Amino acid sequence: MITVIQFSNNTFHIYNDDVSYIIKILKNNHLGQLYFGKKIRHRDDFDHLLVEKGTSLAPCVFKGDLDFSLEVLKQEYPSYGTGDYRDPAYQVVADNGSSITDLVYKSHIIKNGKDAITGLPSTYGNNVETLEITLQDDVIGLKVLLRYHVFSDIAAIVRSTAFINISTKPLRIERAMSASLDLYDSNFEMITLDGAWARERHISTRKITSGIQSVASSRGASSAMHNPFIALKRPQTTETAGEAYGFTLIYSGNFLAQVEVDAYDVTRVLMGINPFEFNWTLLAGEKFDTPEAVLVYSDSGLNKMSQNFHNLFRNNLMRGKYKQKSRPILINNWEATYFDFNEESILKIAATAKAAGIELFVLDDGWFGKRDNDSTSLGDWSVYLEKLPNGIKGLSEKINAMGLDFGLWFEPEMVNEISELYATHPDYAIATPNRKSSYGRNQYVLDFSRTEVVDCIFNKMCEIIDTANIAYIKWDMNRNITEAFSHSLTAACQKEFFHRYILGVYSLYDRLIARFPEILFESCASGGARFDAGMLYYAPQAWASDNTDAVERLHIQYGTSMLYPIVSMGSHVAAVPNHQVDRVTSLKMRADVAYFGTFGYELDLNKISAAELEQVKEQITFFKKYQDVIQLGDFYRLSQGNFYCWLVVSADKSTAILGYYKILASPNPSIKKINLVGLNSATEYSCNNKNYYGDELMNVGMILETEFTGLTQSDNFEGKYTSGTDKGDFTSQIYVFEAI
Ligand code: DGJ
């Protein structure tokens, strides 16, 4: 694999074996965008790809040169106010109140490797090349760095932008997109991942049309409502064929992901910090870095787009001991006990879990302060001794003695009104002076834009973590920000709050990871309300949803896989009737769905039958055998709707595991068949005592178990009805294909 960035004839060509990205310095010294897509051969001159097409009424840059109009040109980092009326990539206001800028090319550097962005999550690696272009506006003294990174083995470009004030007066940034991309046409459908609590990241697809369409968050977190992701696909693109572009932001705060189709059918994609409720004062000499945006291209369907994201996140974003490693099988007590537990009941759950083969016990909410319900104690990270008389230390030692690792829940960013922390530092909670504060789950959000607040929580968490052998931390976050305001910011800087807040969250993660590098972090936000690439840099797995129903999880995990790897999706088997939707599904189906994630349990195994406990043991044995294939292999979505199918194939293509799920049974149905993908054509695979060549499985397809067809007439028909767990609604099958 090659990675090259070349510069000739005022043109940059960034490419690897899969993608090309071409930028041209235009005759006004702005940057024009020539191309992003499948790799094209390099040549010294791409001028013939430049489209200059004006109209008699469009503003033009040079007198009489009607064809050179910013209104029509495809641009790299466009501004507003000098001819381009589409939404711009940035806006910077000078001290005279003007936001007119003229960023022209000054210089560039091309280098191996890439730098981290201080304070922000960012991709890394040694298989990467960097182009940094410096643009400058000499009138207001603004320098802008456009950074491009290309990894040798991934069809993606990572971009970010830095603003530097080289004047002597303050500048105010009002919009600072990480990336802007102008595509030649608008024949696209836009995919977004939308939802709410307990139904996160459902796939929505719409045809894009003239004007602006976008998803965004202004909640202080990336949110369950819209994930920081959009894909643009051709109408005919499927999971396995056709063009698709994917865009995401390596960021966990307020974002904007916007598509604008202009009058000439150019599609402009903008990705960055949400400009709504944002600005940033840049004093003389200061620098502001945007988060990184990831731009992925696939010419072979959505699966390839997703795999590009998966590979980038697994190889060049996630860090630490668990990078590229399968994850411990855990049991979490939340749905088993909620707040109602003590040391004895916890140890009972743990003992049965250990006997079943589980590796890690996680103690969830309710172990601290005087927390018996959600109205008290957040912020007081000291042990609730009435429940746990031997402390976290004593409990974790007993759990470790059983042969289980121990994990603990925190919600670091929050405080309850009823808490010692709030009594001592009421000003630590976010509130606007002289205004009532809204509640969310009976709690307030701490002002993490203030260093002293982050320091305070860091010290409290360290005190607990230091006492015990903690292998895992679940970092929860259960409400969004309201009445945003910080006592540490001047009136003019209040709109820096949301970004500073998330920088505070990242700094706490950084400090904890530096101090406890062995701990596996799982991020969580009322389930999956902050499941984003920013979080994956710190916490390589995220609780995908509070909804543990097997059917709903099909929708959630299918959607989540659009960009997040299987190994990052927290997925557990829980009790039935399900606590979120009251649905009853079989233990088999619940596990068959949860296997395609981090896999764990979230119920009291003492409350299931002996036969079910045996089944749990078998599930864990199965999972341990195939965990590496599932969590580290290549993941493919095959079908969704009433029948879901997904597949993982090991890197060496010797093993493939197919999950097949039926939501509702239908009477006397047709035979179900699915074409596998990603196998070796010439390899013979065995599955359920039959042998198939890869090309048969991929072209003829795999006949899936036929559905129950009701009462059957046969020679010895006795007119009896029999029911079975694999018949009827909510059934599933796992097929394992192993090379012979
Ligand atoms: C929300 C999380 O998503 C749940 O898993 C659980 O940890 C609760 N919070 C605890 O309050």
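Report follows, based on the coordinates. Model, not experiment: these values are computed from the prediction.

**Quick look at the overall build of the chain**
Thinking step 1. When its secondary structure is counted, the chain shows twelve helices and 39 strands.
Thinking step 2. Its C-alpha atoms give the chain a radius of gyration of 27 Å, near enough to 27 Å, the size a compact globule of 740 residues would have.
Thinking step 3. Once the C-alpha set of the chain is aligned to its principal axes, its extents read approximately 90 × 70 × 40 Å.
Thinking step 4. For the chain, buried positions account for 61% of its 740 residues.

**Describing the sheet that holds strand β39 (residues 731–739)**
Thinking step 1. In space, the six strands of this open sheet follow the order β32-β33-β34-β39-β36-β37, with antiparallel pairing throughout. On the outer flanks of this sheet lie β32 (634–639) and β37 (690–693), each paired with one strand and no other. For this sheet, the mean inter-axis angle between neighbouring strands, taken without regard to orientation, is 25°.
Thinking step 2. With four bridges connecting them, strand β36 (residues 684–687) and β37 associate as antiparallel partners. Its bridge partner being in β37, Tyr685 is matched across the sheet by Tyr692.

**Focus on empty space enclosed by the protein**
Thinking step 1. Taken as a whole and assessed by the stated rule, the structure comprises six cavities of 30 Å³ or more.
Thinking step 2. Approximately 80 Å³ is the volume attributed to the largest cavity.
Thinking step 3. In terms of lining residues, the largest cavity is bounded by His30, Leu31, Gln75, Glu76, Tyr77, Pro78, Ser79, Tyr90, Leu103 and Leu135.
Thinking step 4. Among the residues forming the lining of the largest cavity, the class breakdown is six nonpolar, three polar and one charged.

**Details of the sheet that holds strand β2 (residues 11–16)**
Thinking step 1. Taken in spatial order, the four strands make up an open sheet running β1-β2-β3-β4, and their pairing is antiparallel. Each edge of the open sheet carries a strand with a single partner, namely β1 (3–8) and β4 (31–38). Averaged over neighbouring strand pairs, the angle between their axes works out to 10° when direction is ignored.
Thinking step 2. Bridging between β1 and β2 involves six bridges; their strand directions are antiparallel. For Gln6, the partnering residue across the bridge sits in β2 and is His13.

**As for the nonpolar core**
Thinking step 1. Ranked by internal contacts, the top residues of the largest apolar core, which has 202 residues, are Phe163, Leu363, Trp367 and Leu605.
Thinking step 2. The next biggest cluster of nonpolar side chains, apart from the first, holds 22 residues, and it includes Leu647, Tyr685, Leu697 and Met698.

**Description of the environment of Tyr15**
Thinking step 1. Structurally, Tyr15 is set in strand β2.
Thinking step 2. Along the sequence, Tyr15 and Lys39 sit 24 residues apart, while their C-alpha atoms lie 6.7 Å from each other.
Thinking step 3. Not counting the four nearest positions on each side in its chain, Tyr15 is found in contact with Ile2, Thr3, Val4, Gln6, Ser20, Lys39, His42 and Val150.

**Focus: the site of the ligand**
Thinking step 1. Taken together, the neighbourhood of the ligand is formed by 13 residues, with Asp364, Asp365, Lys474, Asp476 and Asp546 sitting nearest.
Thinking step 2. Measuring from an oxygen atom of the ligand, one finds a side-chain N or O atom of Asp364 at 2.7 Å.
Thinking step 3. Taking Arg441, its side chain carries an N or O atom lying 2.8 Å from an oxygen atom of the ligand.
Thinking step 4. The residue makeup of the shell around the ligand, split by class, is four nonpolar, three polar and six charged.

**Examining the environment of Leu388**
Thinking step 1. Note that Leu388 resides in the loop between β22 (360–363) and α4 (391–401).
Thinking step 2. Residue classification places Leu388 among the buried positions, given a relative accessible area of 0%.
Thinking step 3. Once the C-alpha coordinates of Leu388 and Glu344 are considered, the two residues, 44 residues apart in sequence, prove to be 8.7 Å apart.
Thinking step 4. Beyond its immediate chain neighbours, meaning those up to four positions away, Leu388 contacts Phe341, Asn342, Glu343, Leu363, Trp367, Val383 and Leu395.

**So, the packing of aromatic side chains**
Thinking step 1. All told, the structure shown has 52 aromatic pairs when counted by the stated rule.
Thinking step 2. Ring geometry for Tyr245 and Phe247: centres 6.5 Å apart, planes at 15°, overall stacked.
Thinking step 3. Judged by relative accessible area, Tyr245 falls into the buried class, the value being 4%.
Thinking step 4. Through a chain of ring-to-ring contacts, three or more aromatic side chains come together here, namely Tyr21, Phe36, Tyr148, Phe188, Tyr245, Phe247 and Tyr297.
Thinking step 5. Lys74 extends its terminal NZ or CZ atom over the ring of Tyr184, reaching a point 4.1 Å from the ring centre.
Thinking step 6. Its end group placed over the ring of Tyr322, Lys325 keeps NZ or CZ at 5.6 Å from the ring centre.

**Overview of the packing of helix α9 (residues 550–560) against helix α10 (residues 587–594)**
Thinking step 1. Two elements in contact, α9 and α10, have axes separated by 9 Å at closest approach and are oriented at 15°. Between α9 and α10, the interaxial angle falls into the category roughly parallel. Between α9 and α10 lies a crossing whose hand is left-handed. Listed contacts from α10 to Ala550, Val551, Arg553, Leu554 and Gln557 of α9 are Met589, Arg590 and Val593.

Rules behind the numbers
- Residues numbered from 1 in each chain as written.
- Predicted model: local features only at pLDDT ≥ 70, side-chain atom pairs only at ≥ 80, totals over all residues.
- Heavy atoms only, no water.
- Helix = DSSP H or I, 4+ residues; strand = E, 2+ residues; numbered from the N terminus.
- Rg over C-alpha atoms; globule rule 2.2 N^0.38 Å.
- Buried < 20%, exposed > 50% of the residue type's maximum accessible area, 1.4 Å probe, protein only.
- Pairing = 2+ DSSP bridges.
- Axes fitted to C-alpha atoms, helices over the stretch in contact; angles between N-to-C directions.
- 1 Å grid on protein atoms, 1.4 Å probe; cavity = no way out; pocket = protein on both sides within 12 Å on 5 of 7 lines; lining within 4 Å.
- Points joined across faces, edges and corners; volume = space filled by probe spheres on them.
- Nonpolar A, V, L, I, M, F, W, Y, C, P; charged D, E, K, R; others polar.
- Core = buried A, V, L, I, M, F, W, Y, C linked by side-chain atoms within 4.5 Å.
- Contact = heavy atoms within 4.5 Å.
- Near = heavy atom within 4 Å.
- Polar contact = N/O pair within 3.5 Å; in protein donor to acceptor, adjacent residues only side chain to side chain.
- Phe/Tyr/Trp six-rings, centres within 6.5 Å; stacked < 30°, edge-to-face > 60°.
- Lys NZ or Arg CZ within 6 Å of the ring centre and 35° of its normal.
- Parallel < 35°, antiparallel > 145°, perpendicular 65-115°, else oblique.
- Left-handed = near helix turned anticlockwise from the far one by under 90°.

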